[in-house]
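# Results of the structural survey
These are the residues of each chain, in order.
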Amino acid sequence: MTYPPAGNPDPYGQQPQQPDPYGQPQQPQPDPYNPYAAPGSPAAPQYGQQPQQPYAAQPYSAQPYAAPPAATNTMAILSLVFAFVFAPLAIVFGHMAKKQIKQSGEGGDGLATAGLVMGYIFTGLGVLLCCIYGIIFVVAINEAGSSTY
């Protein structure tokens, strides 16, 4: 078994704290993880006692910071959804939603407008596509009837 050298009594090799060479006394540092170790803090509670709160509780404010958001109109949501499913129904729901929003003050005016615009666009494209197919069908019938074999 080996023993540490006589000049270093610590077996782990740590040097003992030396006084400050500049003459300033060293202050013990409080433990940052123990709220009772800071200067001016309350004493640690004894067994069975409740600890004192280091900070005062914040007062309760009965007034909310912002007004609660207005409910979104259901017809406005349906208008936007049906713009992609069945566009003519989106137009009907959009107009109903606009009327209800004006009367009740609910939210969703932008959704109703988007549903209306997209409903009109998709309905117009659908009607245009039906017209083009109709013209192609009539031209194909006339060509088939006028052929001479």
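Residues numbered from 1 in each chain as written. Predicted model: local features only at pLDDT ≥ 70, side-chain atom pairs only at ≥ 80, totals over all residues. Heavy atoms only, no water.

## Comments concerning the pattern of salt bridges
Note that side chains of opposite charge can pair when their charged atoms are close. The criterion, for reference: For this analysis, a salt bridge means a side-chain nitrogen from Lys or Arg found within 4 Å of a carboxyl oxygen belonging to Asp or Glu. Helix and strand assignments come from DSSP, with helices taken as H or I runs of at least 4 residues and strands as E runs of at least 2, each series counted from the N terminus.
Across all of its chains, the model carries one salt bridge by this definition. Its salt-bridge partner being Asp109, residue Lys98 comes within 3.0 Å of it at the nearest N-O pair. One end of the pair, Lys98, is in helix H2 (residues 87-104); the other, Asp109, is in helix H3 (residues 109-145), with 11 residues separating them in the sequence.

## A look at the packing of helix H1 (residues 74-85) against H2
Note the following rule: For helices, the axis comes from a line fit to the C-alpha atoms of the stretch in contact; other axes are also lines fit to C-alpha atoms, and the angle between any two N-to-C directions lies between 0 and 180 degrees. Note on angle classes: values under 35 degrees are labelled roughly parallel, values over 145 roughly antiparallel, values of 65 to 115 roughly perpendicular, and the remainder oblique. A clockwise turn of the near helix away from the far one marks a right-handed crossing, whereas an anticlockwise turn of less than a right angle marks a left-handed crossing. Contacts are assigned to residue pairs that have any heavy atoms within 4.5 Å of one another.
Interaxial distance between H1 and H2 falls to 7 Å at its minimum, and their mutual angle equals 165°. The orientation of H1 relative to H2 falls into the category roughly antiparallel. Both H1 and H2 take part in a crossing whose hand is left-handed. Across the interface between the two elements, Met75, Ala76, Leu78, Ser79, Phe82, Ala83 and Val85 from H1 touch Ala87, Leu89, Ala90, Phe93, Gly94, Met96, Ala97, Gln100 and Ile101 from H2.

## So, H2
To keep it simple, the criterion reads: The length a helix should cover is 1.5 Å for every residue beyond the first. Working definition: with a 1.4 Å probe on protein chains only, accessible area under 20% of the residue-type maximum means buried, over 50% means exposed, and in between means partly exposed.
For H2, with 18 residues, the first-to-last C-alpha span of 25 Å sits near the 26 Å given by 1.5 Å per residue. By the burial criterion, the buried members of H2 are Ala87, Ala90, Ile91, Phe93, Gly94, Ala97 and Ile101. Its buried side turned inward, H2 meets H1 and H3. Following H2 by one or two positions, Gly105 adopts a phi angle in the positive range, close to 80°.

## Description of the packing of aromatic side chains
Convention followed: In this analysis, rings of Phe, Tyr and Trp, with Trp reduced to its six-membered ring, are considered paired at centre separations within 6.5 Å, and the interplanar angle assigns stacked below 30 degrees, edge-to-face beyond 60, and tilted for intermediate values.
With the rule as written, the count across this model stands at two aromatic pairs. With centroids separated by 5.5 Å and ring planes inclined at 65°, the aromatic side chains of Phe82 and Phe93 adopt a geometry described as edge-to-face. A residue pair is termed long-range when its members are at least 10 positions apart, and Phe82 in helix H1 and Phe93 in helix H2 qualify at 11 residues.

## Observations concerning H1
Inclusion rule: Here the arc refers to the directions that run from the helix axis out to each C-beta atom. Pairs of N or O atoms within 3.5 Å make up the polar contacts considered here, provided that, within protein, one atom can donate a hydrogen while the other can accept it, and that residues adjacent in sequence are counted only when both atoms are side-chain atoms.
Relative to the 16 Å expected for 12 residues at 1.5 Å per residue, H1 spans 16 Å between its end C-alpha atoms, a close match to the ideal helical length. Within the span of H1, buried status applies to Ala76, Ser79 and Ala83. One side of H1 holds all its buried residues, which, seen down the axis, span an arc of 50°. For H1, the exposed residues lying more than 90 degrees away from the buried face are Thr74, Phe84 and Val85. Elements in contact with the buried residues of H1: H2 and H3. Looking at where H1 begins, the residue whose side-chain oxygen comes 2.7 Å from the main-chain nitrogen of Met75 is Asn73.

Purely spatial values, then, with no claim about function.
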